[in-house]
Amino acid sequence: MPQVKVLSKRYDEPDAHTLEGYTRLDGWKAMKRAFAQDPAVLREVVKDSGLRGRGGAGFPTGLKWSFVPQDTGKPVYLVVNADESEPGTFKDRELMERDPFQLIEGIICSAYALNSPRSFIFIRGEYLFPGIRLEEALAEAYANNYLGEDIQGSGFSHHITLHYGSGAYICGEETALLEALEGRRGQPRLRPPFPAVAGLYACPTVINNVESIAAAGHIIEHGANWWKQWGPERSPGTKLFCVSGEVARPGNYEFPMGTSCREIVEEACGGMLPGRNLKFWAPGGSSTPLLTDEHFDIPMDFDSIAEAGSLMGTGAMMMYSDKTSVVEATLNWIRFYEHESCGKCTPCREGNFWVGQILERMLDGRGRPEDIDTLDELADNIFGRSFCALADGATSPVKSSIKYFRDEYEYLIQRGRLPDHITPHAGAITDNAQSNRPKMMVGVGHV
Ligand SMILES: Cc1cc2nc3c(=O)[nH]c(=O)nc-3n(C[C@H](O)[C@H](O)[C@H](O)COP(=O)(O)O)c2cc1C
Ligand code: SF4
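Residues numbered from 1 in each chain as written. Chains lettered and ligands numbered in written order. Predicted model: local features only at pLDDT ≥ 70, side-chain atom pairs only at ≥ 80, totals over all residues. Heavy atoms only, no water.

Let us look at the overall build of the protein. From N to C terminus, the protein includes 16 helices and nine strands. Computed over C-alpha atoms, the radius of gyration of the protein comes to 23 Å, within 12% of the 22 Å expected from 2.2 N^0.38 for 447 residues, which places it in the range of a compact globule. Projecting the C-alpha coordinates of the protein onto the three principal axes gives extents of approximately 75 × 45 × 35 Å. By residue count, 59% of the 447 residues in the protein fall in the buried class. Of the contacts made within the protein by residues no fewer than 6 positions apart, 70% connect residues no fewer than 24 positions apart. Put simply, the protein shows about 17,600 Å² of open surface, and 51% of that area lies on carbon and sulfur atoms. Taking the average place of the 45 positive charges on the side chains of the protein and the average place of its 60 negative ones, the gap between the two points comes to 2 Å. (Helix = DSSP H or I, 4+ residues; strand = E, 2+ residues; numbered from the N terminus. Rg over C-alpha atoms; globule rule 2.2 N^0.38 Å. Buried < 20%, exposed > 50% of the residue type's maximum accessible area, 1.4 Å probe, protein only. Contact = heavy atoms within 4.5 Å. Areas by Shrake-Rupley, 256 points an atom, 1.4 Å probe, with all protein chains shown as cover. Lys, Arg positive; Asp, Glu negative; His and termini not counted. Charge placed at Lys NZ, Arg CZ, Asp CG, Glu CD.)

Moving on, we come to the sheet that holds strand β2 (residues 118-123). Taken in spatial order, the four strands make up an open sheet running β3-β2-β1-β4, and their pairing is parallel. Looking along the sheet, the strands with just one partner apiece sit at the ends: β3 (159-164) and β4 (205-209). This sheet shows a mean twist of 20° between the axes of neighbouring strands, independent of strand direction. As paired elements, strand β1 (residues 77-82) and β4 share five bridges and run parallel to each other. If you follow asparagine 81 over to β4, its bridge partner there is asparagine 209. Contacts from helix α9 (residues 210-222) reach β1 and β4, with the element oriented near 95° to β4. (Pairing = 2+ DSSP bridges. Axes fitted to C-alpha atoms, helices over the stretch in contact; angles between N-to-C directions.)

Looking now at the confidence of the model for the protein. Low-pLDDT stretches of the model should not have their predicted coordinates read in fine detail. Mean pLDDT over the protein: 94, with 95% of residues reaching 70 or higher. Every residue in residues 426-447 is under pLDDT 50, and counting partners more than four places away or in other chains gives 47 contacts. (pLDDT = per-residue confidence, 0-100.)

Let's shift gears to the site of ligand 2. Lining the immediate surroundings of ligand 2 are 13 residues, of which Cys342, Lys344, Cys345, Cys348 and Cys388 lie closest. The residue makeup of the shell around ligand 2, split by class, is nine nonpolar, three polar and one charged. (Near = heavy atom within 4 Å. Nonpolar A, V, L, I, M, F, W, Y, C, P; charged D, E, K, R; others polar.)

This part covers the packing of helix α14 (residues 346-366) against helix α15 (residues 371-382). Close contact between α14 and α15 brings their axes to 10 Å; oriented N to C, the two are set at 165°. Classified by the interaxial angle, the pair formed by α14 and α15 is roughly antiparallel. The handedness of the crossing between α14 and α15 comes out as left-handed. In contact with Pro347, Cys348, Gly351, Asn352, Trp354, Val355, Ile358, Leu359, Arg361 and Met362 of α14, α15 contributes Asp371, Ile372, Thr374, Leu375, Leu378, Asn381 and Ile382. A breakdown of the residues in the contact of α14 with α15 according to their chemical character gives 11 nonpolar, four polar and two charged. (Parallel < 35°, antiparallel > 145°, perpendicular 65-115°, else oblique. Left-handed = near helix turned anticlockwise from the far one by under 90°.)

Before going further, it helps to examine unusual backbone geometry. In this model, arginine 191 is joined to proline 192 through a cis peptide bond whose omega is -5°. Summarising the element assignment, proline 192 is placed in the loop between α8 (174-181) and β4. Residue proline 192 is joined to proline 193 through a cis peptide bond whose omega torsion reads 5°. Phi at alanine 202 is positive, roughly 65°, even though this residue is not glycine. Mapped onto the fold, alanine 202 is located in the loop between α8 and β4.

The full set close to ligand 1 counts 18 residues, and Gly55, Glu84, Asn208, Asn209 and Ser212 are the nearest of them. One of the backbone N or O atoms of glutamate 84 is found 2.8 Å from an oxygen atom in ligand 1. In this structure, serine 212 approaches ligand 1 through a side-chain N or O atom, which is 2.6 Å from an oxygen atom. Bound to the protein, ligand 1 loses 89% of the 610 Å² it would expose on its own. Secondary structure elements with two or more residues in the shell around ligand 1: β4 and α16 (389-415). Looking at which element gives the most residues to the shell around ligand 1, the answer is β4, with three residues. (Polar contact = N/O pair within 3.5 Å; in protein donor to acceptor, adjacent residues only side chain to side chain.)

The next point concerns helix α3 (residues 39-49). Among the residues of α3, those classed as buried are Pro39, Leu42, Arg43, Val45, Val46 and Ser49. Projected down its long axis, α3 carries its buried residues within an arc of 155°, all on one side. Lining the buried residues of α3 we find α2 (29-35), α4 (61-66), α6 (100-114), α9 and α10 (224-228). A distance of 3.1 Å separates the backbone nitrogen of alanine 40 from a side-chain oxygen at the start of α3, and that oxygen is part of aspartate 38. Positive backbone phi, approximately 75°, marks glycine 50, located one or two places after α3. (Arc of directions from axis to C-beta.)

Right, let's talk about the sheet that holds strand β8 (residues 291-292) for a bit. What the five strands build is an open sheet, ordered β6-β5-β9-β7-β8; its pairing is mixed. A single partner strand is all that each edge strand has here, and the edge strands are β6 (251-256) and β8. Looking at chain direction, strand β5 (residues 238-245) and strand β9 (residues 316-321) are connected through four bridges and run parallel. Each residue of the ladder has a partner; that of cysteine 242, found in β9, is alanine 316. Most of the contacts of helix α5 (residues 91-98) go to β5, to which it runs at about 115°, and overall it touches β5 and β6. The sheet contacts of helix α13 (residues 326-340) involve β7 (278-282) and β9, and relative to β7 the element is tilted by about 20°.

Right under this line is the structure:
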């Protein structure tokens, strides 16, 4: 399937990030269309479109909006999740950098549909340039009455607050995000109550990903059937796929849902790097179970990926070749999860630490025959026994790498080194004598 540019259509226009450029390039049509309709009708349009959230879980956006009570007397808040810390995911960054008004217009349309007077963009603290682009766009929007009171004489008023996170992956989890927005330590909240009923400041709150809200604007402009022209019935629309790893041209590419992984990699990315063949890949970021070269042709949509045993996640395709060690890659990811665990639950806090220690010991050439089963068991004791999905996600690379590449683990344990065709990455080692990997902990925690 060829690329289709809906969300990325203005990416190559040098002034798309300015109000003048955005207005010239078809901007504000969605907003005008929204203001001409009843908010309840717009909520139905988004529901009918079948748009599924682009932040990872794929929950239908219109259905989420329908859970928000409209008659509580409290304000409805819209929170845009721009935390984007899932390894491999960089689509929201580009959306905000290259076309910030598209997001602002999507917010105005969504907020109008939800009768929301104020929204919050929670942006990853490290996203300085996208933040600057958004700040500039917000200032221009306010100065020209695209935000504020009585927007363009419509009678609808809306304010956007841009809030910088402080660089914690867990703050992307929606309830931890709300805690952080309210000024507390970012740790997930117990549900129920769900944010739709009691979210930010105990008010009804909708939390959506940047790409979801940007897409909602287009759906409100063009209608549900227009969105459904792309993709299979249960995964309609286009999607920004962020492809990284050992491909010739990594980047964000927009394709209809259901386009195969092979088509995206070969057509848009120029294939794998010269001389490298696909070995394993994560279809939706590091928290989604790994797939192999046997899955190269699966369609990139929620159901097809689930049938193949993984998850669509954020659509972040991380591609690895036969020169890469899956054990090393897994350790790399586990170090991330270990570092980012908020510490609230023992299985997540301690379990990921021990998984990392065992993987590291193996790569140092000191693996034990029972290690593979211990890793598998540890992952089982983390999955489903912790408070939030961070812990479940952390088990994905462990379980799936053992499922598909048990022989590589066995080789490492038996020979104390990686197979010769694998090129160890910086900081990686093939035998104990060469070990230069920094130890996380010496003494009590070191196995
Ligand atoms: C550990 C963790 C991190 C997350 N990080 C993000 C994130 O950075 N951006 C995001 O949109 N969703 C993230 N999510 C998912 C959100 O909790 C939530 O499902 C999403 O923002 C809902 O938006 P959507 O329905 O538009 O996908 C994360 C979830 C978890 C468990
Ligand atoms: S699973 Fe991990 S990140 Fe989530 S609440 Fe528990 S300790 Fe925190």
